[in-house]
Amino acid sequence: MIEVKDLYKEFDGTPVLKGISTTFEKGKTSMIIGQSGSGKTIFIKCLLGLHTHDKGSIIFDGRDYADLNDKQHRQLRQEMGMVFQGGALYDSLTVEENVMFPLKMFTNNPFEEMLDRVNTVLKRVNLENVNDKFPAELSGGMQKRVAIARAIVMNPKYLFCDEPNSGLDPNTATVIDNLIQEITKEYQMITIINSHDMNSVMEIGEKIVFLKNGVKAWEGTNKEIFKTENEAIVDFVYSSNLFKKVRAVYLNETK
Amino acid sequence: MNYLEHIGKYFIMLKQVFKRPQKWSVFKDMLFREIEDLGLKSLGIITFISFFVGGVVAIQTALNVDSPFIPKYLIGFATKRSMILEFAPTFMSIILAGKVGSYISSSIGTMRVTEQIDALDVMGINSLNYLVLPKIIAALFFYPLLILLAMFLGIIGGYFAGILTGLFFSEDYIYGIQLDFNSYYIKYAVIKTLVFAFVIATIPAYHGYYVKGGSLEVGRASTQAVVWTSVVIILLNYFLTQMLLG
């Protein structure tokens, strides 16, 4: 479990995160949502250790991030997988080399064993016969799948995804969402997704944390989001007429 | 940000760069890749430029030595000295600052803006050590060889210029290049090249690594990197010459 307690972060005297507390559980896909500038990217970066928080604590399965030394930080980071918004695949490496990179860096396994693992995870994300291709030769959806494969190749305990669906068509976005949820269950990971995509939120958001102006304004599940009376989240999620109608229909049906 | 802050940040960067590589086998792969990208791929331009620069130096010297009291072998002597002392180490380093500096800055800068460096950091990899140290080692290892080659080709270029233009005889030129040979000048040139190689690998890496924004900023960082690398090379050239020859 990841426990976040009273997390506080400021830049040049301007508070960006103002005392956020929440928990993320194993085997569940949790989503961080909020408007641009609400602090969700900083929140994720604090969890990843790319930013150091000013107050509060982040506890990964009993290990407080602030109490760890450099070696322990590195060990903890090796338990994390990250899917970046643009994929962040290494341009000069092939798909196979990209996915194999963490294995080469952190294990002493023989090449055949590493290749076997690479092929297993590529198959798991439904990619085959692309080992020798470079990232630029792949479609956006395929690049995201390679990024997911690279993120899970080390069997991480914690998977972070930053806008995994941005730039994808709705069908591909659903495929990626389902894939993330499936592997979360399969690998029993703690998955935290930073997203703007309301379809994803409704589809796979087993836990949703809504941030507004650096404060946790609402927390719940994708089922509860239909029924909530919290104005902040209702204004954000149901900002389009389509979603307003969907909510009205859902509330009528469940009366 | 003022200049002092940049200088401080640059040295803090170097502190992170000079750490033990996390995995020697990965470091070795990176090193060979950098030797190819930064060194072998510069062979063509260095060969081409040094040959013609040597030729031009010889022609210019010949055209300016028209007094019958000045021996013609001085053309070879002047070409040799110019190539060894300045044109090969300094002029070629400026060329490399443009070619390699912009490559280093833009490749690292692109990695920064496309979150590839963040991906390394998230994995717990010291991204500065991983990306910059192999470049420094590759440059320190390969650039002295390139500069020695440039000296040789420059002198050969001068010889061919004389033959093709008929401005001087080959015997005079060969006598001139053998005259008063001082091996310390080669050491001086290699020492300068080692310092310049370090500058060529690190200043563009600094500009690329700390770039913020998008492709436009990467382009700007690349330009800045070439300008500052050239400025630092020229300044260091002055101080090194004073220290080593003064």
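Refer to the structure above for everything that follows.
Predicted model only: the values in this text are computed from it and were never measured.

**Observations regarding the overall build of chain A**
No. 1: When you go through chain A residue by residue, the secondary structure sums to ten helices and ten strands.
No. 2: Against the 2.2 N^0.38 benchmark of 18 Å for 255 residues, chain A shows a C-alpha radius of gyration of 19 Å, consistent with a compact globule.
No. 3: Taking the principal axes of the C-alpha coordinates as reference, chain A spans close to 55 × 45 × 30 Å.
No. 4: The buried share of chain A, taken over its 255 residues, is 37%.
No. 5: Within chain A, contacts between residues separated by at least 24 positions form 65% of all contacts whose residues are at least 6 apart in sequence.

**A short note on unusual backbone geometry**
No. 1: Look at Asp61 of chain A: it is not a glycine, yet its phi comes out positive at around 45°.
No. 2: Mapping Asp61 of chain A onto the fold places it in the loop between strand S4 (55-60) and strand S5 (63-64).
No. 3: Positive phi outside glycine occurs at Asp180 of chain B, with the angle close to 50°.
No. 4: Among the secondary structure elements, Asp180 of chain B is positioned in the loop between helix H7 (170-178) and helix H8 (183-209).

**What to know about the environment of Pro170 of chain A**
No. 1: Considering the arrangement of structural elements, one finds Pro170 of chain A in helix H6 (residues 170-187).
No. 2: Separated by 29 residues in sequence, Pro170 of chain A and Asn199 of chain A have C-alpha atoms that sit 8.7 Å apart.

**What to know about the sheet that holds S5 of chain A**
Residue and element names in this part refer to chain A.
No. 1: With respect to topology, four strands assemble into an open sheet ordered S2-S1-S4-S5, the strand pairing being antiparallel. Every other strand in the sheet has two partners, leaving strand S2 (14-24) and S5 as the edge strands with one partner each.
No. 2: Looking at chain direction, S4 and S5 are connected through two bridges and run antiparallel. Bridging across to S5, Phe60 finds its partner in Arg63.

**Re the sheet that holds strand S6 (residues 80-83) of chain A**
Residues and elements named next belong to chain A.
No. 1: Strand order in this open sheet of six strands is S6-S7-S8-S3-S9-S10, and the pairing throughout is mixed. On the outer flanks of this sheet lie S6 and strand S10 (215-220), each paired with one strand and no other. Strand-to-strand twist across the sheet, computed as the mean angle between neighbouring axes with direction ignored, equals 20°.
No. 2: Against the sheet, helix H5 (residues 140-152) engages S6 and strand S7 (158-162), with an angle of about 170° to S6.

**With respect to the pairing of S6 of chain A**
Residues and elements named next belong to chain A.
No. 1: Side chains Met80 and Met82 project from S6 onto one buried face, and the interleaved Gly81 and Val83 project onto a second face that is buried too.
No. 2: Pairing of S6 with S7, which is carried by four bridges, proceeds in the parallel orientation. Of the residues in S7, the one forming a bridge with Gly81 is Leu159.

**Considerations on the interface of chain A and chain B**
No. 1: The partner chain B presents 13 residues to the 15 residues of chain A that form the contact.
No. 2: Looking at the side of chain A that touches chain B, the element that brings in the most residues is helix H2 (residues 70-78) of chain A, giving four residues.
No. 3: For the side of chain A that touches chain B, the residue count by class is nine nonpolar, three polar and three charged.

Conventions adopted
- Residues numbered from 1 in each chain as written.
- Chains lettered and ligands numbered in written order.
- Predicted model: local features only at pLDDT ≥ 70, side-chain atom pairs only at ≥ 80, totals over all residues.
- Helix = DSSP H or I, 4+ residues; strand = E, 2+ residues; numbered from the N terminus.
- Rg over C-alpha atoms; globule rule 2.2 N^0.38 Å.
- Buried ≥ 20, exposed ≤ 12 C-beta atoms within 10 Å, placed from the backbone.
- Contact = placed C-beta atoms within 7 Å.
- Pairing = 2+ DSSP bridges.
- Axes fitted to C-alpha atoms, helices over the stretch in contact; angles between N-to-C directions.
- Nonpolar A, V, L, I, M, F, W, Y, C, P; charged D, E, K, R; others polar.

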